[in-house]
Amino acid sequence: MKKRTLIINKRNEMPFAKKIGWDIVTVLLWAGWIYLWKPLLIVFYKIVTLDAEVDEISNVIFDEISAVTVEHAIIMLVATPTILFILSWLNRHVAPSVHFIYKFDEYAKYFQVDSAKLRDSIDAQLITIYHDNSGRIVDIETKI
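A short tour of the structure in this document, coming up. (Residues numbered from 1 in each chain as written. Predicted model: local features only at pLDDT ≥ 70, side-chain atom pairs only at ≥ 80, totals over all residues. Heavy atoms only, no water.)

1. Some words on the overall build of the protein chain
Filter applied, for reference: In DSSP terms, a helix is any run of H or I states spanning at least four residues, a strand is any run of E spanning at least two, and both are numbered starting from the N terminus. A simple rule labels every residue: compare its accessible area, found with a 1.4 Å probe on the protein chains alone, to the largest value its type can have, and call it buried under 20%, exposed over 50%, or partly exposed in between. The contact rule is simple, with two residues in contact once any of their heavy atoms fall within 4.5 Å. In these tables, accessible area is a Shrake-Rupley quantity obtained with a 1.4 Å probe, and a residue counts as shielded only by the protein chains included in the view.
In terms of helices and strands, the protein chain carries five helices and two strands. Ordered by position in the sequence, the α and β elements of the protein chain form the string α-α-α-α-α-β-β. When the 144 residues of the protein chain are sorted by exposure, 15% land in the buried category. For the protein chain, the proportion of contacts with a sequence separation of at least 24, taken over those separated by at least 6, is 44%. Roughly 11,900 Å² of accessible area belongs to the protein chain as shown, and the carbon and sulfur atoms make up 66% of that amount.

This is the structure in structure tokens:
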């Protein structure tokens, strides 16, 4: 029998093709993000390895950084909202959920914390959660 948990993770409910699709999109977005850092990494590499002469270092920096501010800014400005808009339309599949809506007392009992502290933390802006070495929650402190 599968153990029920109060931590929600719906990835196992997604179809296999959709999991692979989201993984590919995630890898492509990470690759794009790293590509945007390429000019800065080139400048840093040339400075660290002393690949450029002292007089040429400023020219290398300005040549590479200018590419960041114009070309990459336009790519980020157009591509990021476009990708996010497409992803918002792709996320229309609603998997049958086996999760239940729990009450504060059930969460408090499951995580073995004081129900009153858990209830107070729902509207807080800053919460500190203390745990022991095994990861079990020992205290919840609400600051704001």
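Once you've had a look at it, read on.
2. Side note on the packing of aromatic side chains
Our working definition: Stacked, edge-to-face and tilted labels apply to pairs of Phe, Tyr and Trp rings (six-membered ring for Trp) whose centres lie within 6.5 Å, assigned for plane angles under 30 degrees, over 60, and everything in between, in that order.
All chains considered together, the criterion is met by three aromatic pairs. Between Trp30 and Trp33 the ring centres are 5.6 Å apart and the planes differ by 80°, which places this aromatic pair in the edge-to-face class. Of this pair, Trp30 and Trp33 both sit in helix 1 (residues 16-36), separated by three residues, roughly a single helical turn. Judged by relative accessible area, which is 45%, Trp33 ranks as partly exposed. Three or more aromatic residues joined by ring pairs make a cluster, and in this case those are Trp30, Trp33 and Trp37.

3. What about the layout of surface pockets?
Our working definition: Only protein atoms enter the 1 Å grid used here, on which a cavity is any set of points holding a 1.4 Å probe that cannot leave and a pocket is any open set flanked by protein within 12 Å on both sides along at least five of seven lines; residues with an atom within 4 Å of a point are listed as lining. Grid points are joined across faces, edges and corners, and a volume is the space filled by probe spheres set on the points.
Its volume calculated, the second largest pocket comes out at about 250 Å³. Taken together, Leu28, Leu29, Gly32, Trp33, Tyr35, Leu36, Ile75, Met76, Ala79, Thr80, Ile83 and Leu84 form the lining of the second largest pocket. Among the elements of the structure, helix 1 and helix 3 (54-90) are those that each provide at least two residues to the lining of the second largest pocket.

4. Here we look at the nonpolar core
Definition in use: By nonpolar core we mean a set of buried residues, namely Ala, Val, Leu, Ile, Met, Phe, Trp, Tyr and Cys, connected to one another through side-chain atoms within 4.5 Å.
Among the nonpolar cores identified, the biggest contains five residues, and these are Ala108, Val113, Leu118, Ile137 and Ile140. If near-sequence neighbours (up to four positions away) are discounted, Val113 is found in contact with Ala108, Leu118, Ile137 and Ile140.

5. Quick look at the side chain of Ser115
Filter applied, for reference: Between N or O atoms, a polar contact is any pair within 3.5 Å; within protein, one atom must be a potential hydrogen donor and the other a potential acceptor, and residues adjacent in sequence are included only when both atoms are from side chains.
Mapped onto the secondary structure, Ser115 falls in helix 5 (residues 115-120). Reaching out from Ser115, the side chain makes a polar contact with the side chain of Asp105 at a distance of 2.7 Å. Residues in contact with Ser115, not counting those within four places in the same chain, are Phe104, Asp105 and Ala108.

6. Describing the pairing of strand 1 (residues 127-131)
Quick note on the threshold: Pairing between two strands requires that DSSP report at least two bridges joining them.
In the sheet, strand 1 pairs with strand 2 (residues 137-142) via five bridges, with the strands oriented antiparallel. By the bridge assignment for strand 2, Ile127 is matched with Thr142. In textbook terms, the turn of a hairpin is the stretch between consecutive antiparallel strands, and for strand 1 and strand 2 this stretch comprises five residues, one of which, Gly135, has a positive phi near 95°.

7. Topic: the pattern of salt bridges
Our working definition: Each salt bridge in this description consists of a side-chain nitrogen of Lys or Arg and a carboxyl oxygen of Asp or Glu lying within 4 Å of one another.
Here the structure, examined in full by the defined rule, presents four salt bridges. Put simply, Asp139 and Lys117 hold a salt bridge, and the shortest N to O gap is 2.6 Å. On the criterion of sequence distance, the pair formed by Asp139 in strand 2 and Lys117 in helix 5 is long-range, its members being 22 residues apart.

8. Points about a nonpolar patch on the surface
Rule in force here: Residues qualify for a patch when their relative accessible area is over 30% and they have no salt bridge, like charges being joined within 9 Å and the nonpolar side chains of Val, Leu, Ile, Met, Phe, Trp and Tyr within 5 Å.
Residues Trp30, Trp33, Ile34, Trp37, Leu40 and Leu41 make up a contiguous nonpolar surface patch of roughly 650 Å² in combined accessible area. For the nonpolar patch, the elements supplying multiple residues, two or more each, are helix 1 and helix 2 (38-48). Counting residues per element, the nonpolar patch draws most heavily on helix 1, which supplies three residues. Position of Trp37 relative to the elements: it lies in the loop between helix 1 and helix 2.

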